[in-house]
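# Reading the structure
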2 protein chains.
Amino acid sequence: MIEAVSPHIPEGVHFVPAHPLAGTEHSGPEAGFAELFDNRWSLLVPVEGSDPAAVAQLRALWEGMGAYVEEMDAEHHDLVLAVTSHAPHLIAYTMVGVADDLRRVTDSEVIKYSAAGFRDFTRIAASDPTMWRDVFLTNKEATLEILGRFTEELFALQRAIRTGDGEHLHDYFTRTRAIRRGIIEAGQDTDAPDFGRVKKP
Amino acid sequence: MIEAVSPHIPEGVHFVPAHPLAGTEHSGPEAGFAELFDNRWSLLVPVEGSDPAAVAQLRALWEGMGAYVEEMDAEHHDLVLAVTSHAPHLIAYTMVGVADDLRRVTDSEVIKYSAAGFRDFTRIAASDPTMWRDVFLTNKEATLEILGRFTEELFALQRAIRTGDGEHLHDYFTRTRAIRRGIIEAGQDTDAPDFGRVKKP
């Protein structure tokens, strides 16, 4: 993205790449709300020659909206985002696509029984298609690297299921709980069961 | 599961396999609440020779707790659950495991920036390890079949990213939105952004 924009910046204009890690599956101005950036992180990715005063000004803008700010270089940014956002989104889109394709299970069954776990994936897979197409096309390398690691791990777990290695499965499923606790303690998600989902939609 | 239990049913005792599709990432008696089964589905899987009166009694029990009831055979049940529950859970566990393993992205980065999508996966991956080990070991075939389809689709999307096929990505991401709408219209999830997540945990 930086490579695409940089050549078009006019003389005297500052370019400080940055974006927040906040938002919902909804898009557009009407999807905003006052607390959107409270306690969420915004990442600044200064490029070579970024004016420190312009960077500081942008930091103040994000902080003024309630966000925390972190600076990192572009390569590290791409990897962090591939893990925390891009790979999870592609995986969610894929799982929903598989369900939609499966003729031996009807769409109405997929919908009726979605509270068993699947519906969480459909929220992410309802995100804006144009934005996500562009994300994957511009963060190609890091996303493909994480997806490679993901399929490697998935194959190891599939093998444990096939061979009946219950200990491997149990150990793996125990380890992943710690990350959830860390996220709740850091105030990045709620501890309420099912995200405190509204019970009667 | 039916094969494991059936031989041990004493004379005069009715065995009607059934379970609800409801619950949260929390387990045990204290994780229950009065509305847990309201508008959720419970599946009955009568076996050969199941007493119709016993099946009707169990149906009445679930309906009395506010659930809808559907009957299906064991093979179809296993496939439906593999799609709506078992595969999504294994995929979520895998994604969280990958993030936890990645030394070039620290745990604290994974946690701080989790609001970008990843945190949804950590809720599912915080489910009870013992129950989920047993689920995968007893629904081996159907889960492996769905995971096979999942990796096939994932590879096709990875290829589209690698070759820059934006149209394929955009079409795929547009199609998956319809399933989300169906789930909301069927009252199986809330339309509130981010599941109506509590804003200040």
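Residues numbered from 1 in each chain as written. Chains lettered and ligands numbered in written order. Predicted model: local features only at pLDDT ≥ 70, side-chain atom pairs only at ≥ 80, totals over all residues. Heavy atoms only, no water.

### Here we look at the overall build of chain A
Each helix and strand in chain A was counted, giving 8 helices and 3 strands. In sequence order, the secondary structure elements of chain A are arranged as α-β-β-α-β-α-α-α-α-α-α. Projected onto its principal axes, the C-alpha coordinates of chain A cover approximately 60 × 40 × 35 Å. Across the 201 residues that make up chain A, the buried fraction comes to 49%. Sequence separation of 24 or more characterises 67% of the internal contacts of chain A that already satisfy a separation of 6 or more. (Helix = DSSP H or I, 4+ residues; strand = E, 2+ residues; numbered from the N terminus. Buried < 20%, exposed > 50% of the residue type's maximum accessible area, 1.4 Å probe, protein only. Contact = heavy atoms within 4.5 Å.)

### Topic: the side chain of Asp 194 of chain A
Considering the arrangement of structural elements, one finds Asp 194 of chain A in the segment after helix H8 (166-185). Polar contacts involving the side chain of Asp 194 of chain A include one to the side chain of Arg 123 of chain B, which spans 3.0 Å. For Asp 194 of chain A, the residues in contact, after removing those within four places along its chain, are Arg 119 of chain A together with Gly 23, Thr 24, Glu 25 and Arg 123 of chain B. (Polar contact = N/O pair within 3.5 Å; in protein donor to acceptor, adjacent residues only side chain to side chain.)

### A closer look at the sheet that holds strand E2 (residues 41-44) of chain A
Residue and element names in this part refer to chain A. Strand order in the open sheet formed by 3 strands is E1-E2-E3, and the pairing between neighbours is mixed. Edge strands, defined here as strands with exactly one partner in the open sheet, are strand E1 (18-21) and strand E3 (68-71). Taking each pair of neighbouring strands and ignoring which way they run, the sheet shows an average axis angle of 25°. As defined by bridge partners, E2 adjoins E3 across 4 bridges and the pair is classed as parallel. From the neighbouring strand, Leu 43 faces E3, where its bridge partner is Glu 70. (Pairing = 2+ DSSP bridges. Axes fitted to C-alpha atoms, helices over the stretch in contact; angles between N-to-C directions.)

### Some details on the interface of chain B and chain A
Contacts between chain B and chain A engage 112 residues on the former and 112 residues on the latter. At the boundary of chain B with chain A, total buried surface from both sides reaches about 11,000 Å², with 68% on carbon and sulfur atoms. Sorting the residues of chain B by area buried against chain A places Tyr 113, Ile 161 and Phe 173 of chain B first, and these three jointly supply 7% of that buried surface. Summed over the shared surface of chain B and chain A, the result is 14 salt bridges. (Buried area = accessible area lost by both parts, 1.4 Å probe. Salt bridge = Lys/Arg side-chain N within 4 Å of Asp/Glu carboxyl O.)

### Some remarks on the domain arrangement of chain A
Residue and element names in this part refer to chain A. In terms of domain boundaries, chain A breaks down into domain 1 (2-72) and domain 2 (75-191). Inter-centroid distance (C-alpha atoms) of domain 1 to domain 2 is 27 Å. Between domain 1 and domain 2, the residue contacts involve 12 residues of the former and 10 residues of the latter. Both faces considered, domain 1 and domain 2 share a buried interface measuring about 810 Å² in area, 58% of it formed by carbon and sulfur atoms. Per-residue buried area on domain 1 facing domain 2 is highest for Glu 25, Arg 40 and Met 72; these three make up 56% of the total on that side. (Domains from an automatic or database assignment.)

### Description of the relation of the copies chain B and chain A
Between chain B and chain A, which share one sequence, the superposing operator has a rotation angle of 180° and an axial displacement of 0.0 Å; the RMSD is 0.0 Å. Both chain copies can therefore be described as sitting about a two-fold axis. Distance from the rotation axis, computed per C-alpha, reaches its smallest value in chain B at Arg 197 of chain B: 3.1 Å. (Least-squares fit on C-alpha atoms with pLDDT ≥ 70 in both.)

### Description of the pairing of strand E2 (residues 41-44) of chain B
Residues and elements named next belong to chain B. Every second residue of E2 is oriented toward a common face, with Trp 41 and Leu 43 on one face and Ser 42 and Leu 44 on the other, all of them buried. Pairing between strand E1 (residues 18-20) and E2: 3 bridges, direction antiparallel. Looking at the pairing, Pro 20 lines up with Ser 42 of E2. The β-α-β motif built from E2, the intervening helix H2 (residues 52-64) and the parallel element strand E3 (residues 68-71) has right-handed crossover chirality. (Right-handed = clockwise from strand over helix to strand, strands pointing away.)

### A few points about unusual backbone geometry
Residues and elements named next belong to chain B. For Asn 39, which is not a glycine, the phi torsion comes out positive at approximately 65°. Relative to the assigned elements, Asn 39 resides in the loop between E1 and E2. Residue Asn 39 is classed as partly exposed on the basis of its relative accessible area of 30%. For Asp 194, which is not a glycine, the phi torsion comes out positive at approximately 55°. Assessed through its relative accessible area of 6%, Asp 194 is described here as buried.

### With respect to the nonpolar core
Counting 90 residues, the largest nonpolar core has Phe 121 of chain A together with Phe 121 of chain B as its most contacted members. Other than its neighbours up to four places away in sequence, Phe 121 of chain B contacts Pro 88, Ile 91, Ala 92, Phe 121 and Ile 124 of chain A together with Ile 91, Ala 92, Met 95 and Val 96 of chain B. Ranked by size, the runner-up nonpolar core spans 10 residues in total, among them Ala 54, Leu 58, Ala 67 and Val 69 of chain A. (Core = buried A, V, L, I, M, F, W, Y, C linked by side-chain atoms within 4.5 Å.)

### With respect to the packing of helix H3 (residues 74-101) of chain A against helix H7 (residues 140-163) of chain A
Residues and elements named next belong to chain A. For the pair H3 and H7, the least separation of the axes is 9 Å and the interaxial angle reads 65°. Crossing of H3 over H7 shows right-handed handedness. The residues of H7 that touch H3, namely those facing Asp 78, Leu 79, Ala 82, Val 83, His 86, Ala 87, Leu 90 and Ile 91, are Ala 142, Thr 143, Glu 145, Ile 146, Leu 147 and Phe 150. Here the contact of H3 with H7 is built from residues that sort into 10 nonpolar, 2 polar and 2 charged. (Left-handed = near helix turned anticlockwise from the far one by under 90°. Nonpolar A, V, L, I, M, F, W, Y, C, P; charged D, E, K, R; others polar.)

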